[in-house]
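Examining the three-dimensional arrangement
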Amino acid sequence: MSENRSESETGILAVDVSGLSDHVTDAETRESAARERREKLRMFLTNWQGLTGLILVAVFFASAIFAPWLAPYDPNALDVPARLSGPTLDHLAGTDQLGRDTLSRILFGGRVALKIAAIGVSVALTVGLILGMIAGFGPRWLDSLLLLVFDTVRSFPTIVLALATVALTGPSLAVVLAIVIITSIPQYARVARTATLTLRNTDFILAERSLGASMTRTLLHHVMPNVVGPLLILAAMDVPVVVTVEAGLSFLGLGVTPPTASWGTILNEGYLVIRDAPWMVIAGGIPLILTTLGFTFLGEALRDIFDPRMGKGR
Amino acid sequence: MLYYLTKRLGLSALVIGLVVLVLFSLLYFIPGDPATIALGPRATEEAIARYAEKMHLDEPVWRQFLIYIGNALTGDLGLDVFSDRPVTAIILERIGFTLSLVGVGMGWAVLLGIPLGCLAAVRPNSWLDRVTGILSVGTIAVPSFLVSIWALLIFAVHLRWLPAIGAGEPGQVGDQLIHLILPAFAIGLSWVGYLARMVRASMLEVMGENYIRSARAFGLRPRRVIFGYALRVAILPTITLIGMGFGGMISSTVFAEIIFARPGLGKLIFDAVMARNFPIVQGAVLVATGLYVLVVLFSDTLIAWFDPRVRESL
């Protein structure tokens, strides 16, 4: 418990609210919480999947952020005489059909992936969280309506939706982003809704409501902190999906537009010269796999530790 | 059961209706003349005039929408912009390639994934279990379009064991089967992992139940207990997973068809997008979504039939 208790936390109800029996002191509570945190950290550090995931994710972030310093060449610099050169000391991952250095393009492609993942996942998570809490806390008809909308959006196969949209708007990063956000919102909203529903009738929320707290206050201060945890784990598992959708759409020529380097466009250009320059589709695919693998490992390790029920039996 | 079915059918119809609405409104959100957008810049004057008349463009939008739905219900999805052939006939020509690919892809994944999951659950922590675990995470993390590209590179370009593109000579079953191997492998691979994981998790849960212990105590053979008793119940969440995952399956089919130049529904949509042939996009996306909704409906009905508790909950 914090030192400066608000009014709603003092008084008779506070005993019920904390859910603890009278003889448990604040100090003991704090200590057990600290012990639990240490235990969770220890579980994470001994989990090889989680650690591998963490390292891969760190590499992903670092290589994307420091790409301008790490890349040996300008990703868009043409060097036509050296076109389609295989992996050599000059070009570790070879060059493409315009003589651009594949390694540099991969490093810069990571920035596109990071951008999409960061913006897409955080916007989808925020919107999903709000919609899910509203569905779980609001009136019954609103809940049913939102559920119907979520189910409809989910029943749209992502790539097909993307194809239909791009047919009208033409390829662009903004369209990819919009599609990623719209298709990811339902899963966050569903998890937030379920968690809100179970919280709705707990003593501390009822107490807060009976003291006249507004719905916004209840949701922001009491429901949200309890709901956001599972969503963050979901977010880690969602990054691979988002990155894959971007790479996939760019591979089809429906995502980022040339000459911007993205793992998808590298695969696209590599696919066209697959007989002459196989290193391009190999080099373009490896970072994609490592990134998806890293976030999947990390997400699963976090889930197993913080929500053992969900991960039972793996 | 009948009540459940009616309710589900109503919901599915609503979802498809909403999807048509989205497809339809996409056309009208984009500024410009709907006929030019729908037919693309390459359409002739007469085509535009004919389209305007046929789509009742002088009528209010909501009537146009109802007319499109009415036509779709009678199997009329409009005309192809370039060849003037009915969209329905074109889709029917292509859909077989998609259905056979999905069927074989899902088929081999089920035949391999479910027994793998069972075996892993029967002997937890054995080497087989560990290999299955690593295999599942590995195959799930690799995006299916990358599997397609790499399979093409290894087996068709490098080793030259299998044909790279096309669907085989019409009428020659053997040739067509050979052309199915690589794409079916690519779209099924991650499903082997999903299914093995899911079956393993729910098998582990079921194996702890009392009735399994009773069956064992009665001296039934282990094989009978596992496949006759435990798997029957443990398969239920897996059926839901297959139903829900069908949307992802459609997406990976789109990629496989494009990469292996297989003339299915996905390739049809992609080519139509590239040519901005919107009647085809609209019709084919509608059919693809309809297929998906049907599969989900079928899997849900199957579950309700197996498990009376589900019937009550909706």
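Residues numbered from 1 in each chain as written. Chains lettered and ligands numbered in written order. Predicted model: local features only at pLDDT ≥ 70, side-chain atom pairs only at ≥ 80, totals over all residues. Heavy atoms only, no water.

Focus on the overall build of chain A
When helices and strands are counted, chain A shows 12 helices and zero strands. The 314 residues of chain A split such that 48% are buried. The long-range share in chain A, meaning contacts at least 24 apart out of those at least 6 apart in sequence, stands at 70%. Put simply, chain A shows about 15,000 Å² of open surface, and 65% of that area lies on carbon and sulfur atoms. (Helix = DSSP H or I, 4+ residues; strand = E, 2+ residues; numbered from the N terminus. Buried < 20%, exposed > 50% of the residue type's maximum accessible area, 1.4 Å probe, protein only. Contact = heavy atoms within 4.5 Å. Areas by Shrake-Rupley, 256 points an atom, 1.4 Å probe, with all protein chains shown as cover.)

Structural notes on the overall build of chain B
Helix and strand content of chain B: 14 helices and zero strands. Burial status across chain B gives 49% buried among its 314 residues. Within chain B, residue pairs in contact and separated by at least 24 positions form 71% of the contacts whose partners lie at least 6 positions apart. Carbon and sulfur atoms make up 68% of the accessible area of chain B, which amounts to about 15,300 Å² in all.

Quick notes on the environment of Thr260 of chain A
Residue and element names in this part refer to chain A. Structurally, Thr260 is set in the loop between helix 10 (215-251) and helix 11 (263-272). Residues Thr260 and Gly109 lie 151 residues apart in sequence; the distance between their C-alpha atoms is 7.9 Å. Ignoring sequence-local partners within four residues, the contact set of Thr260 consists of Arg105, Val112 and Thr265.

Observations concerning the confidence of the model for chain B
All names here are of chain B. Taken residue by residue, chain B gives an average pLDDT of 79. The fraction at 70 or more is 88%. By mean pLDDT, helix 14 (residues 308-313) is the weakest element of chain B at 58, and helix 5 (residues 87-122) is the strongest at 87. Confidence metrics for the complex model read pTM 0.80 and ipTM 0.79. (pLDDT = per-residue confidence, 0-100.)

With respect to the environment of Cys118 of chain B
Residue and element names in this part refer to chain B. Examined against the element boundaries, Cys118 turns out to sit in helix 5. Among the residues examined, Cys118 registers a relative accessible area of 1% and is labelled buried. Separated by 108 residues in sequence, Cys118 and Ile226 have C-alpha atoms that sit 7.9 Å apart.

With respect to the packing of aromatic side chains
Under the criterion given, the structure shown has 10 aromatic pairs over all chains. Pairwise contacts between aromatic rings join Phe60, Phe61, Trp263 and Phe295 of chain A into one cluster. (Phe/Tyr/Trp six-rings, centres within 6.5 Å; stacked < 30°, edge-to-face > 60°.)

Side note on helix 5 of chain B
Look at helix 5 of chain B: 51 Å from first C-alpha to last across 36 residues, which is about the 52 Å you get at 1.5 Å a residue. Where helix 5 of chain B bends most, at Arg94 of chain B, the angle is about 35 degrees. (Expected span 1.5 Å × (residues − 1). Bend = angle between axes of the 7 residues up to and from the residue.)

Structural notes on a nonpolar patch on the surface
Residues and elements named next belong to chain A. A surface patch of nonpolar side chains, about 560 Å² in accessible area, is lined by Phe61, Ile65, Phe66, Trp69 and Leu70. Of all the secondary-structure elements, those providing two or more residues to the nonpolar patch are helix 3 (48-65) and helix 4 (67-70). Tracing the backbone shows Phe66 in the loop between helix 3 and helix 4. (Patch = residues over 30% accessible without salt bridge, like charges linked within 9 Å, V, L, I, M, F, W, Y side chains within 5 Å. Salt bridge = Lys/Arg side-chain N within 4 Å of Asp/Glu carboxyl O.)

Some remarks on unusual backbone geometry
All names here are of chain B. Positive phi, close to 50 degrees, is recorded for Ala261, a residue that is not glycine. Its place among the elements puts Ala261 in the loop between helix 11 (246-259) and helix 12 (265-274). The exposure class assigned to Ala261 is partly exposed, which follows from its relative accessible area of 27%.

What about the interface of chain A and chain B?
Listed as interface residues are 43 residues of chain A and, on the opposing side, 48 residues of chain B. When chain A packs against chain B, close to 4,100 Å² is buried across both sides, 79% of that on carbon and sulfur atoms. Across the contact surface, chain A and chain B share one salt bridge. Of the charged contacts in the structure, one is a salt bridge between Glu300 of chain A and Arg197 of chain B, with a shortest N-O distance of 2.5 Å. At the boundary of chain A with chain B, the tally comes to three residue pairs in polar contact (both at pLDDT 80 or more). The element contributing the most residues to the side of chain A that touches chain B is helix 12 (residues 278-306) of chain A, with 12 residues. Residue classes in the side of chain A that touches chain B are distributed as 26 nonpolar, 11 polar and six charged. (Buried area = accessible area lost by both parts, 1.4 Å probe. Polar contact = N/O pair within 3.5 Å; in protein donor to acceptor, adjacent residues only side chain to side chain. Nonpolar A, V, L, I, M, F, W, Y, C, P; charged D, E, K, R; others polar.)

Digging into the side chain of Thr291 of chain A
All names here are of chain A. On the secondary structure map, Thr291 appears in helix 12. In this structure Thr291 comes out as buried when scored by relative accessible area, which is 6%. Engagement of the side chain of Thr291 in a polar contact is seen with the backbone oxygen of Pro287, the distance being 2.7 Å. Once you skip the residues sitting within four places of it in the chain, Thr291 turns out to touch Phe60 and Trp263.

Notes on the packing of helix 12 of chain A against helix 7 (residues 144-158) of chain B
For the pair helix 12 of chain A and helix 7 of chain B, the least separation of the axes is 11 Å and the interaxial angle reads 150 degrees. The orientation of helix 12 of chain A relative to helix 7 of chain B falls into the category roughly antiparallel. With respect to the hand of their crossing, helix 12 of chain A and helix 7 of chain B are arranged in left-handed fashion. Here Pro278, Val281, Ile282, Gly285, Ile286, Leu288 and Ile289 of chain A of helix 12 of chain A come into contact with helix 7 of chain B, specifically with Phe145, Leu146, Ile149, Trp150 and Leu153 of chain B. (Axes fitted to C-alpha atoms, helices over the stretch in contact; angles between N-to-C directions. Parallel < 35°, antiparallel > 145°, perpendicular 65-115°, else oblique. Left-handed = near helix turned anticlockwise from the far one by under 90°.)

With respect to the pattern of salt bridges
Residue and element names in this part refer to chain B. Applying the stated criterion to the full structure yields five salt bridges over all chains. Among the salt bridges present, the one from Lys267 reaches Asp271, with a minimum N-O distance of 3.2 Å. Within this pair, Lys267 and its partner Asp271 are both found in helix 12, separated by four residues, close to a single helical turn.

What about the confidence of the model for chain A?
All names here are of chain A. The predicted model of chain A has a mean per-residue pLDDT of 78, with 87% of residues at 70 or higher. A low-confidence stretch, residues 1-21 (pLDDT under 50), is modelled with 15 contacts involving residues beyond four sequence positions or located in other chains. Overall, residues 310-314 carries pLDDT values under 50, and its contacts beyond four positions in sequence, including any with other chains, amount to 11 contacts.

Concerning the packing of helix 5 (residues 102-137) of chain A against helix 10 of chain A
Residue and element names in this part refer to chain A. For the pair helix 5 and helix 10, interaxial distance at closest approach is 7 Å and the crossing angle is 145 degrees. As for the relative orientation of helix 5 and helix 10, their crossing is right-handed in sense. Counted by class, the contact of helix 5 with helix 10 contains 21 nonpolar, one polar and two charged residues.

What about the nonpolar core?
Core analysis: the biggest nonpolar cluster contains 131 residues, and Leu163 of chain A together with Phe145 of chain B have the highest contact counts within it. No other element matches the 13 residues that helix 10 of chain A contributes to this core. Both domains that furnish three or more residues to this core are identified here as domain 1 (15-73) and domain 2 (97-278 + 294-313) of chain B. Setting aside its immediate chain neighbours within four residues, Leu163 of chain A contacts Leu252 and Leu254 of chain A together with Val254, Ile269, Phe270 and Val273 of chain B. (Core = buried A, V, L, I, M, F, W, Y, C linked by side-chain atoms within 4.5 Å. Domains from an automatic or database assignment.)

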